[in-house]
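# Report on the structure
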Amino acid sequence: QQQVKQSPQSLIVQKGGISIINCAYENTAFDYFPWYQQFPGKGPALLIAIRPDVSEKKEGRFTISFNKSAKQFSLHIMDSQPGDSATYFCAASEAGNTPLVFGKGTRLSVIA
Amino acid sequence: SAVISQKPSRDICQRGTSLTIQCQVDSQVTMMFWYRQQPGQSLTLIATANQGSEATYESGFVIDKFPISRPNLTFSTLTVSNMSPEDSSIYLCSVREVGEAFFGQGTRLTVV
């Protein structure tokens, strides 16, 4: 059973556009919702994370929107750039020193 | 944020042999997590390593195949034993620090 469902699998966005990636979860004990960016040959890098006590968090061009009642969260990349082309993973974990459960990833291509 | 160093960064190994991957963290952490990322796939948790006790393995992963050591609060090793081509993956270690989750750059293993 997949605990975190991520969509779409792939996404093509024009330079300057908005990239939106969605994730849904089932486990109401999840307390931490990070997004990771991964370039080929590299480990995943923490991009931005949110906890369920807030509905939105913004860091530069990256925004997480969180809907606790719907058990959904999404990543918005504003003014998308070719350098943003990478695979993005959402993840979730319960409170404390616990491991992450990952979505299947979204391959983003930003074209000029 | 925690800085995680993994060695080797990549290796090509013969089937039937073993490879030990090292993970060094720049701060003391209670738990260290080992993940596998098969080609084009998401990250799957192999095991959780707690200093001073046996590692806890996820379903589908066994200690004989993936023995883990955790001799102190900053270091861990994962051994991939009796390798087959199906073990070709990226292996990543991860830690939680101040609630956030960080990853090393990974070890890209190719078994021939």
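Residues numbered from 1 in each chain as written. Chains lettered and ligands numbered in written order. Predicted model: local features only at pLDDT ≥ 70, side-chain atom pairs only at ≥ 80, totals over all residues. Heavy atoms only, no water.

### Re the sheet that holds strand β1 (residues 4–7) of chain A
Residues and elements named next belong to chain A. Read across the sheet, five strands follow the order β1-β3-β8-β7-β6 without closing on themselves; strand pairing throughout is antiparallel. The sheet is open, and its two borders are formed by β1 and β6 (56–59), each paired with just one other strand. In this sheet, neighbouring strand axes are inclined to one another by 15° on average, regardless of whether the strands run parallel or antiparallel. In terms of strand pairing, strand β3 (residues 19–25) meets strand β8 (residues 72–77) through six bridges, oriented antiparallel. (Pairing = 2+ DSSP bridges. Helix = DSSP H or I, 4+ residues; strand = E, 2+ residues; numbered from the N terminus. Axes fitted to C-alpha atoms, helices over the stretch in contact; angles between N-to-C directions.)

### Remarks on the state of the cysteines
What the rule picks out here adds up to two disulfides over all chains. Linked covalently through their sulfurs, cysteine 23 of chain A and cysteine 90 of chain A form a disulfide whose S-S length is 1.8 Å. The chirality of the disulfide connecting cysteine 23 of chain A with cysteine 90 of chain A is left-handed, given an S-S dihedral of about -95°. A residue pair is termed long-range when its members are at least 10 positions apart, and cysteine 23 of chain A in strand β3 and cysteine 90 of chain A in strand β9 (residues 86–94) qualify at 67 residues. Here cysteine 23 of chain A falls in the buried class, since its relative accessible area comes to 3%. One disulfide in the model links cysteine 23 of chain B with cysteine 93 of chain B; its S-S distance is 1.9 Å. Across the S-S bond of cysteine 23 of chain B and cysteine 93 of chain B the torsion is about 70°, and the bridge reads as right-handed. Here cysteine 23 of chain B, found in strand β3 (residues 19–25), pairs with cysteine 93 of chain B, found in strand β9 (residues 89–97); they are 70 residues apart in sequence, far enough to count as distant. Like cysteine 23 of chain B, the residue cysteine 93 of chain B is buried in the burial classification. Among the cysteines around cysteine 13 of chain B, which has no disulfide bond, cysteine 93 of chain B carries the closest sulfur, lying 17 Å off. (Disulfide = S-S within 2.5 Å. Buried < 20%, exposed > 50% of the residue type's maximum accessible area, 1.4 Å probe, protein only.)

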